[in-house]
Each structure stands twice: as C-alpha cells, then as structure tokens.
Amino acid sequence: MAITRRQFIRRTGLATAGTLLGPSLFANPFVRRAFADLGDRYLVVIFLDGGNDGQNTVIPVTNGGGTLRNDYEAHRFAGGGGIRLTPAALAGTLIGNDPNTGGQLALHPGFIGLKQLYDAGQLAVIQGCGYPEYSLSHDEARTIWQSANPLRNGTLAGTGWVGRHLAATYGGSQIPAVCISDEISSDFRQSTTSVLAINDLENFGFPWDDYGSDESAKAAAFTALYGTASGGTPGSTQAFIGNAGAATLTSTNSYPALHSSYVNDRPGFNQAYADIDRSVAYDLREVAKMIYGVSSGAPGVSARFFRLDNGGYDTHSDQGAATGQQYDLHREVGDSLKTFYDDLADMGVADKVLTVVWSEFSRRIEQNGSGTDHGSQGPMFVVGGPTALNGGVYGN
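A. A look at the sheet that holds strand β9 (residues 353–359). In space, the 8 strands of this open sheet follow the order β7-β6-β8-β1-β9-β12-β5-β13, with mixed pairing throughout. Looking at which strands have only one partner, the edges of the open sheet turn out to be β7 (195–197) and β13 (392–394). When strand polarity is set aside, the average angle formed by the axes of neighbouring strands in this sheet is 20°. Bridge count for strand β1 (residues 42–48) against strand β8 (residues 305–310) is 6 bridges, and the pairing is parallel. Across the sheet, the residue bridging to Phe47 is Asp309, located in β8. Helix α5 (residues 138–147) contacts β1, β5 (123–129), β8, β9 and β12 (378–384) of the sheet and is inclined by roughly 155° relative to β9. With respect to the sheet, helix α12 (residues 325–347) is in contact with β1, β8, β9 and β12, its orientation differing from that of β9 by roughly 170°.

In structure tokens:
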C-alpha cells in the first residue's frame, strides 16, 4: 500500500525543513573531520520505550566487595507479586563482574539470546548510563537522549545525535538512514540529507493517487518539479526539498525490491524471524533486508543507519520476575537480537554492524506494588562482531 501525501511529507522531513538547524555548523572542516564517513559499516539503534528496569536487567548475584546483592534483596520482594530474581534463577545467565565491587552479575533470565552473544564476546553491557538532574518525565528524558543535549545547547536545537552526523557527512540527494516507523525519530533529525520512515519494504511506495494509468506521466512531472527545486540556492529549504523529494521518489522504486530478494535468497532466516513472531524480530528483519541489499550491491540502496523501537517498558505493575511482563519483553529483544546477529554473520557483515540498545531512564530500586516507579541511570547494550566490539561489562 502506497503511503499518503501527508505521510510522505512527514516521513521525509519536508514538513520541518524550514525550522531545523541549517548545515552551516557542519561546514566547519574540523567538525567534518571529527564526523568521518561511516565507510563500509552500519549502525542500528533500538529504543526500549517506557523506561526499562535496569535492576532486573543486569542483576547483582553476589555482593563482591560491596553490598549490591543485599541492597537488591532489601528493596525487592520475593513470593507472590514479588519481582526479586534469586541467584538460582540467574544461574543460567551469569556474565562478568561489576567493575566497581567485583560482585557477580547476571542478565535477566529472559535474555537467553543476549547471554549467548555475551559468551561469544559479541555483547558489551554498559552500566549506569544516564544524565544529571532527571525530571523523570518520559517525554523530556526521550528528548534529552535523542538530542544528546542535556544542557539545552541552543545551537543543537531540533537535531538528533545521529542526525548531526548525517548532516555533517551526507548530501541532500543521499538516503543514509531509515527509521522502521511511520515517522522520523528525533535522534535522526536534521535538515541536510534524507531519512526514510518505512514500516515494511514490501508495502513501501510513492504516494500516487488511485488512478494508475498515468503513473509514468506523474513520475516525470514529480521528477521535473524536484529537479527544478534542487537547482535552487545550495543549502536553502528549496534545494533541500528538491533533493529529498528526488531521493525519496528514487527510493520507492529501489527499496521494495529488497523484500523479495531477501525472502528468495535467505528463506531460513526469513522464517527464523517469523518464528519469534514479535515486533522487534519483524523490524530487525526489515533492517536485515536493507543491509543485505547494500552488501549485495542492490542499485539505489545506500542506507547505513537504522532505528526501531519496542514499547511496553513502563512497568509500574505486573512486572513479573522469572516470568511476566519483563520476562516477555526481554525474551523478545534477546531472541530477536540473536537471530539478527546470526543473520548478519551468515551474510559476512557481522563485523561491520553495531547495534545500540537504550531506554530513556531506568526504574527505582524499591519495588512499588508488583512493579517499579521511574528512576534514573540504567544499562545499555552494544552488539557487534568480534573485530568491531570489545565485549564485557563496563561502568558501575
């Protein structure tokens, strides 16, 4: 199904082109040198929406030289409605030690897939990630993480941390990034180059009207319009709209073909994602299709940056322990990431892909009913091949 014109404007960033930060900051040669071209590599960003409970994600099993386990047990209940995870329940997901106290750590039992990646050196666990002076507001925390601008620097307003790199590195006629969504995520925002928002490649298309008999004439007309606009003053809104429009029109002819190519060439992995049958698996499969297309030299496909999210982490209640809401969420993400990594390894590109997993904040240590309330710092994950990533536990 083709996207609507309203969706087209939103998904290609044209609606906000005039209000976002212009490219002048990134004309500085020192800034351009710092933001080097990614080269033959890929970045995948996964957002766990709602505030993932870090204390039931990377869990202290022993005290080491501190009191981590004692503190955990003092604040989380056992038994009915309890969310405390026992050392016995964590025996199958042990990872490294806390760098500060030396205490043994473990992943949530739902993270069987991540445990396998950790044991193979393909997972880095980064503890204590956050920023100062939390408001504990979902919206504000997301904005700060996505913009990487906790001090509210005005020169960075309207841009995302990935978006600034895209603006410094790529031109208006390029499409270096794709959000698996119906809109462009804030962390990819900028006003220099094109970003696509695609729910699934098979149904991605230009927003033609219902009359297909004159599509070739309409394609010629849009091409001419975009070509005229892109000839405007370099760096102007007019030129940006022309370049983005032309790039998007081209992409709607090249990107849908990646679906059938992947399904035909990689039926086993195509089915493996379907067997998980969860949104993260399906979204990562869309990313895998595009990486396969780029690595195979598919014409008109050049995306290197990808973004998706998974909701449900606002676990004030029904959080569960070894089972329940938290278990289901972690199992979905862990199994999906393991399948995605195996898919990339089979393609021969696992060493070229880094996947970063984050949430807008963690949750409090104290259990509140059968869940936890908003907290501050929490863990992040980075997944990658053995020459692209130094696996292990980092941070306190």
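Next comes the rest of the description.
B. Fine view of helix α8 (residues 237–254). Given a rise of 1.5 Å per residue, 18 residues ought to cover 26 Å, and the 26 Å separating the end C-alpha atoms of α8 matches this to within 8%. Within α8, the full set of buried residues consists of Ala239, Phe240, Gly242, Ala244, Gly245, Ala247, Thr248, Leu249, Ser251, Thr252 and Ser254.

C. Here's a closer look at the pattern of salt bridges. With the rule as written, the count across this model stands at 19 salt bridges. A salt bridge links Asp40 to Lys352; the shortest N-O distance between them is 2.6 Å. One end of the pair, Asp40, is in the loop between α2 (29–34) and β1; the other, Lys352, is in the loop between α12 and β9, and 312 residues separate them in sequence. In this structure Asp40 comes out as partly exposed when scored by relative accessible area, which is 40%. For Lys352, a relative accessible area of 31% corresponds to the partly exposed category. Where salt bridges share partners, they join Asp49, Asp139, Arg142 and Glu360 into one cluster.

D. Region of interest: the pairing of strand β3 (residues 94–97). Here β3 runs beside strand β4 (residues 104–107); their pairing, made up of 2 bridges, is antiparallel. Across the sheet, residue Asn97 finds its bridge partner in β4, namely Gln104. Hairpin connection, β3 to β4: the antiparallel pair is bridged by 6 residues, and Gly102 has positive phi, about 80°.

E. Up close: the environment of Gln326. Within the secondary structure layout, Gln326 lies in helix α12. Overall, the relative accessible area of 0% leaves Gln326 in the buried class. Residues Gln326 and Asp314, spaced 12 residues apart in sequence, show a C-alpha to C-alpha distance of 9.9 Å. Leaving out residues up to four positions away in the same chain, Gln326 has contacts with Asn52, Asp53, Asn56, Thr57, His108, Thr315 and Gln319.

F. Focus on the packing of helix α7 (residues 215–230) against α8. Running from N to C, α7 and α8 point in directions that differ by 145°, and their axes come no closer than 7 Å. Crossing of α7 against α8: the hand is left-handed. Counted together, Ala219, Phe222, Thr223, Tyr226, Thr228, Ala229 and Ser230 of α7 and Gln238, Ala239, Ile241, Gly242, Asn243, Gly245, Ala246 and Leu249 of α8 form the full contact between these two elements. Grouping the amino acids of the contact of α7 with α8 by side-chain chemistry returns 8 nonpolar, 7 polar and no charged.

G. Just the environment of Arg142, in detail. Assignment of secondary structure puts Arg142 in helix α5. Not counting residues up to four positions away in its chain, the partners in contact with Arg142 are Phe47, Asp49 and Glu360.

H. Focus on the nonpolar core. Tyr255, Ile291 and Phe340 are the most contacted members of the largest nonpolar core, which totals 54 residues. Looking at this core element by element, the count peaks at 9 residues for helix α11 (residues 279–295). Excluding its chain neighbours within four sequence positions, the residues that come into contact with Tyr255 are Ile175, Val178, Leu196, Ile198, Leu201, Phe204, Met290, Gly300, Val301, Ser302 and Ala303. Ranked by size, the runner-up nonpolar core spans 26 residues in total, among them Ala124, Tyr170, Phe188 and Phe305.

I. Up close: the pairing of strand β11 (residues 371–374). In the sheet, strand β10 (residues 363–368) pairs with β11 via 3 bridges, with the strands oriented antiparallel. Along β11, the bridge assignment pairs Arg363 with His374. Hairpin connection from β10 to β11: 2 residues lie between these consecutive antiparallel strands, with Gly369 at a positive phi of about 65°.

J. Structural context of the packing of aromatic side chains. A full pass over the atoms with the stated rule returns 8 aromatic pairs. Ring geometry for Phe47 versus Trp358: centroids 4.3 Å apart, planes at 20°, classification stacked. Residue Phe47 is found in strand β1, and its partner Trp358 is found in strand β9; the two are separated by 311 residues along the sequence. Assigned by exposure class, Phe47 and Trp358 land together as buried. On the basis of an interplanar angle of 80° and a centroid distance of 6.2 Å, the ring pair of Tyr262 and Tyr292 is categorised as edge-to-face. One end of the pair, Tyr262, is in helix α9 (residues 257–265); the other, Tyr292, is in helix α11, with 30 residues separating them in the sequence.

So, how was this worked out
- Residues numbered from 1 in each chain as written.
- Predicted model: local features only at pLDDT ≥ 70, side-chain atom pairs only at ≥ 80, totals over all residues.
- Heavy atoms only, no water.
- Pairing = 2+ DSSP bridges.
- Helix = DSSP H or I, 4+ residues; strand = E, 2+ residues; numbered from the N terminus.
- Axes fitted to C-alpha atoms, helices over the stretch in contact; angles between N-to-C directions.
- Contact = heavy atoms within 4.5 Å.
- Expected span 1.5 Å × (residues − 1).
- Buried < 20%, exposed > 50% of the residue type's maximum accessible area, 1.4 Å probe, protein only.
- Salt bridge = Lys/Arg side-chain N within 4 Å of Asp/Glu carboxyl O.
- Left-handed = near helix turned anticlockwise from the far one by under 90°.
- Nonpolar A, V, L, I, M, F, W, Y, C, P; charged D, E, K, R; others polar.
- Core = buried A, V, L, I, M, F, W, Y, C linked by side-chain atoms within 4.5 Å.
- Phe/Tyr/Trp six-rings, centres within 6.5 Å; stacked < 30°, edge-to-face > 60°.

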